[in-house]
Every structure is written in C-alpha cells, then in structure tokens.
Amino acid sequence: MASLLLKNGRVVTADSDSVCDILIEGETIVSIGRKLAADGAEVIDCTGKIIVPGGIDPHVHLDMPFMGTFSSDTHETGTRAALHGGTTTVIDFVLQKQGHSLREALTEWQGRATGTAVGDYSFHMAVTDFNPGTKEEIKDMVAEGITSFKTFMAYKGALMIDDAQMVGLMQEVKKHGALVTAHATNGDMIDTLIAQHRAQGKLTPLYHYLSQPEVTESEASGRFADIANYTGVNAYIVHLTCEGALNQVRRATERNQRVFVETCIQYLLLDASLYEDEANGAKYVMSPPLREKKDQETLWAGINQGLVQVVGTDHCPFMLAQKLVGKDDFSKIPNGHPAIEHRMELLFSEGVSKGRISLQKFVAVTSTNPARIFGMFPRKGTISIGADADLVVFDPEKKHTISAATHHMNVDYSAYEGWELTGKIDTVLLRGQVAVDGGQTKVGRGYGKFIRRGVTAF
C-alpha cells in the first residue's frame, strides 16, 4: 500500500488551522500531527503552503441535453478541469424526461459517467414528472445513494413541475429523510415577459436579464420555502442570486425553519452590466441571470452570516458557436456559464485574499458544508483520520491570470478572461493519488468513482 507524507503545511479545515503533517496510506488519511515519520513514504514538502480539503461542487451539468444541444464538457473533460481547480468531487444532475421513469434517466447518465470521469462524482435526481410511478422510485434512488431531488419552478413544458407535484414530491422525500432542491424562479411570469419582449422586437441579451427581474426569484424562493415548511422536508435553494430571494430565507428563519442556500461564484463577482455589451452578452446568459452590485454585497454578507452555506458553479458550458445560435433572439441562447475550474481560486483570491471571508469560511462553503448537506461527511469535506485523502495544496501568494488559452474546460472562451488572481493551486490529491501537480494531470479517464451519499447531516 503506497504511503504519502505531506510535511509542514498550514492545514486548514472549517474549524481548525495549524501547521502539521498528514500521512496517507492507500486512499485515506491515517495520521495527522507534528514531525510525523513514515519509512518509505513519498514526501511532499508543503512549507509555506496551505492545505485544504478537496473542493465539492454540488451543482454541475456535464454532457447535459438542453435547448436542442448538449453542454460541451463531458464527465471526462469536466471532472478533469474540476481537479485542476481543486474540486475533487462534483454532483451532477440527472434529468428525468417527462413521461419517462427516474430509472431510465439514471441509466442514461450512468452510461455517460461510468468509466469516463477523472474525478469523483455523484448525482442529484431532477424530478420533472412526479406521478404515482415516480413516487414509488424515490425510495430506490435513496437506497442507491442518490439522496437529493431537484425541482424546477421554471422551463414549462420541459422541466417545470407545478405546486401540486412539488407538495407530493416533498411529502414522499420527507419519508426517506432526503432533500429537495429547487431552481426557484417564477416560470410563468418569466415566460410572459419573454413573450412581451420578443413581440416588441427586443431581442438582445439584455432582455434575457430584463425577462427575469428580481421579483421572479424572490417570489419563487418564498413559495418554495413555504411549501417546504408545510411538508417539513429538508430544503435547499440552488444558485440563489439576489437580495430579495435571500430576504425570503431570512423570513423563513423567523419561524425557525432551516432552508439551505447555495450561490455561485459568478453571482459574487459578475454583474448585469455585462448584458449591455451586445457582441459578448451571450456569454453571460444563464438562469437566473447576473444581478446588481447590491446583490453581490448581500451574498457576501449572507456567507458571513451563515445564511448562504455553499458556493457552487452551476457549470453548464457551451461553445461560442452554440451560444451564437441566439445572436438574433436572446430566448434561443443556451443558458449556462463555465466555471468548474476556477471556483476555488476565484473565491480564494476575491474572498480570502481581499478580506471578505476567512479561510475557515472558504473551506466551509467550498467543501465541508456541501459534504454535510449532501451526505458525504466525514468521508469527504474535511481533513481527518479515516477521511478520503482529497487534498488541495495552495500557494497563497502566487499570482496567475485566467485565460481560455490555458484552462482545461472544453469551452472556447472564459467568463474571466484576463483576471489576475492571487493564490494558485500547486498539487491536488484525490483518494491518496496525486491527481494534478504543477498543472499536469496525473490520473486518467475512469479514475473517478461514483460516491454513494447518505442523508443530510448538517
């Protein structure tokens, strides 16, 4: 059994910070302490470096069929890019087709991921057609380690379920101790605004943003929280973007309800002014759209207040040619944003290095909290004896520049082209193996494992 010894690193978890050594045997951490020795172990000197748990991105869409095309990263290219960015585990979304079973959808996604993923992965199950047959399948999914069920309150006719189906799904999921997540935007209102703008010939990317005003998200977030409160199910809002929506969660806490909240790196750093650039605005078309500066301030504050527990990506990349299908009509632009590779370095540089959040909070929102919420803790999301040896060695002072010319995502542009960051990932370990070192991939296609998950332990 191969041994690996990381020496003299500043080891940071969500609740600790100390300079020590980490001894790894096989896939797991076996000892943590000062001046550890291990005969025959390979030694990595981490002096002056920060060691954090491998990142967990609980919101990615790999090889996903959407709007007549597929997202451009496969489970191979997407998880490889994630590893380069310090994310060792991702949770992808299986999308049930209306009129078909959850099992059929899972089999389809397993066919894409099994034997191809480079990094570890799990699945959420997106329920788009809740009926008596689907209801019977919930317990089977939970038994197989798929313990979170996504709902869409938008995309009518394709993904959206109504409130009656939402109540039924929540009641069934509650029986099994699992979690319901929501894309919380008011689909009917958005569809009406899209139709109005198109009828008026307002077709530029700016009108994607104007078709999804803040009220569409705040209303749906409040409705989702209310229904979850009634049913008593564990509830989680994905990609929350704005002050109005977060205020709905604040109000839920007043009745002692817990609603988990995820935001995404783009909503912390980018804003809606990008839609005014007609030539490049399509790059930033995602749902919900980018918001205002005041919303960024709210989200940073929400992280520090504990109202926002997770920073993910909603990584759903499309090539420029795919995006430009909608160059003459914003409603035809595939929605999505590439960020799986840059989430952790961006959040470290813009959050930790600039004093917006602590190192412990950085670890919590990128790794520990998603591990706890999605039933992977303490195997994932922490640095402790018995945990998987998923570790990221960071040089906190090293500067580098993001560019599509050097990233590993299968997409031909970067939303952060030319951004100079402070803090660079040196080495990434996945289950005790050096997966990335000095910018080179050290593990191959199929190394990634499916991670069976338990229920929420937060």
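Residues numbered from 1 in each chain as written. Predicted model: local features only at pLDDT ≥ 70, side-chain atom pairs only at ≥ 80, totals over all residues. Heavy atoms only, no water.

## As for the pairing of strand β16 (residues 391–401)
As paired strands, strand β5 (residues 50–53) and β16 are joined by four bridges and run antiparallel to one another. In the strand pairing of β16, Ile 50 is matched with Phe 394. Here β16 pairs with strand β17 (residues 420–430) via eight bridges, running antiparallel. The partner of Phe 394 across the bridge, within β17, is Ile 425. (Pairing = 2+ DSSP bridges. Helix = DSSP H or I, 4+ residues; strand = E, 2+ residues; numbered from the N terminus.)

## Quick notes on the state of the cysteines
Under the definition given, this model contains zero disulfides. Unpaired in this structure, Cys 20 has its nearest cysteine sulfur neighbour in Cys 46, at a distance of 10 Å. Its sulfur unpaired, Cys 264 is 11 Å from the next cysteine sulfur, which belongs to Cys 316. Residue class for Cys 264 comes out buried when judged on its relative accessible area of 0%. (Disulfide = S-S within 2.5 Å. Buried < 20%, exposed > 50% of the residue type's maximum accessible area, 1.4 Å probe, protein only.)

## Structural notes on helix α12 (residues 343–352)
Most of α12 is tucked away: 10 of the 10 residues are buried. Residues Arg 343, Met 344, Glu 345, Leu 346, Leu 347, Phe 348, Ser 349, Glu 350, Gly 351 and Val 352 constitute the buried set of α12.

## Thoughts on the side chain of Asn 186
Tracing the backbone through its elements, the reader meets Asn 186 in the loop between β12 (179–183) and α5 (187–199). In this structure the side chain of Asn 186 is engaged in a polar contact, spanning 3.0 Å, whose partner is the backbone nitrogen of Met 189. The contacts of Asn 186, once residues within four sequence positions are left out, are Met 153, Thr 216, Glu 219, Ala 220 and Arg 223. (Polar contact = N/O pair within 3.5 Å; in protein donor to acceptor, adjacent residues only side chain to side chain. Contact = heavy atoms within 4.5 Å.)

## Quick notes on empty space enclosed by the protein
As enumerated under the stated definition, the model contains two cavities of 30 Å³ or more in all. What the largest cavity holds in volume is close to 160 Å³. Within this model, the second largest cavity holds a volume of roughly 40 Å³. If you go around the second largest cavity, the residues you meet are Pro 53, Gly 54, Ile 56, Thr 88, Thr 89, Arg 379, Lys 380, Gly 381, Thr 382, Asp 388 and Asp 390. In terms of residue class, the lining of the second largest cavity is built from two nonpolar, five polar and four charged. (1 Å grid on protein atoms, 1.4 Å probe; cavity = no way out; pocket = protein on both sides within 12 Å on 5 of 7 lines; lining within 4 Å. Points joined across faces, edges and corners; volume = space filled by probe spheres on them. Nonpolar A, V, L, I, M, F, W, Y, C, P; charged D, E, K, R; others polar.)

## Comments concerning the layout of surface pockets
In this structure, the largest pocket encloses a volume near 540 Å³. If you trace the largest pocket, you find 28 residues lining it, with Phe 66, Met 67, Tyr 155, Ala 158 and Leu 159 closest to the centre. Secondary-structure elements contributing two or more residues to the lining of the largest pocket are β7 (65–66) and α5. The element that contributes the greatest number of residues to the lining of the largest pocket is α5, accounting for three residues. Grouping the constituent residues of the lining of the largest pocket by class yields 13 nonpolar, 12 polar and three charged. Looking at the lining of the second largest pocket, the elements with two or more residues in it are β16 and β17. The dominant element in the lining of the second largest pocket, judged by the number of residues it contributes, is β17, at three residues. Tallied by class, residues from the lining of the second largest pocket come to three nonpolar, 10 polar and four charged.

## Focus: the side chain of Thr 368
Along the chain, Thr 368 turns up in helix α13 (residues 359–373). Residue contacts for Thr 368: discarding those within four places in its chain leaves Ala 14, Val 363, Phe 377 and Gly 381.

## Some thoughts on the packing of helix α8 (residues 243–253) against helix α10 (residues 293–305)
Following both chains from N to C, one finds α8 and α10 inclined at 30°, their axes separated by 9 Å at the closest point. Relative to α10, the element α8 is oriented roughly parallel. Touching Glu 243, Leu 246 and Arg 250 of α8 are Lys 294, Asp 295, Thr 298, Gly 302 and Gln 305, all from α10. Taken together, the residues that form the contact of α8 with α10 break down as one nonpolar, three polar and four charged. (Axes fitted to C-alpha atoms, helices over the stretch in contact; angles between N-to-C directions. Parallel < 35°, antiparallel > 145°, perpendicular 65-115°, else oblique.)

## Brief notes about the pattern of salt bridges
This structure, assessed with the given rule, holds 33 salt bridges. The closest approach of N and O atoms between Lys 175 and Glu 172, which form a salt bridge, is 3.2 Å. Pair noted here: Lys 175 and Glu 172 are both in helix α4 (residues 163–175), with a separation of three residues, about one helical turn. Residue Arg 291 is joined to Glu 217 by a salt bridge in which the shortest nitrogen-to-oxygen separation is 2.9 Å. Of this pair, Arg 291 sits in the loop between α9 (265–269) and α10 while Glu 217 sits in helix α7 (residues 214–231); the two residues are 74 residues apart in sequence, bridging distant segments of the chain. The exposure classification of Arg 291 matches that of Glu 217, with both residues buried. Where salt bridges share partners, they join Glu 27, Asp 120, Arg 379, Lys 380, Asp 388, Asp 390, Arg 431 and Lys 449 into one cluster. (Salt bridge = Lys/Arg side-chain N within 4 Å of Asp/Glu carboxyl O.)

## Some thoughts on the sheet that holds strand β10 (residues 120–126)
The pairing of strands in a sheet comes from backbone hydrogen bonds and takes either a parallel or an antiparallel form. With respect to topology, eight strands assemble into an open sheet ordered β6-β9-β10-β11-β12-β13-β14-β15, the strand pairing being parallel. The strands lining the two open edges of the sheet, one partner per strand, are β6 (55–60) and β15 (310–312). This sheet shows a mean twist of 30° between the axes of neighbouring strands, independent of strand direction. In terms of strand pairing, strand β11 (residues 148–152) meets β12 through five bridges, oriented parallel. Residue pairing for β12: Thr 151 is matched across the bridge by Ala 182. Here α12 sits on the sheet and contacts β6, β9 (87–95) and β15; the angle it forms with β6, its principal contact strand, is near 115°.

Note that all results are geometric; they support no functional claim without further evidence.
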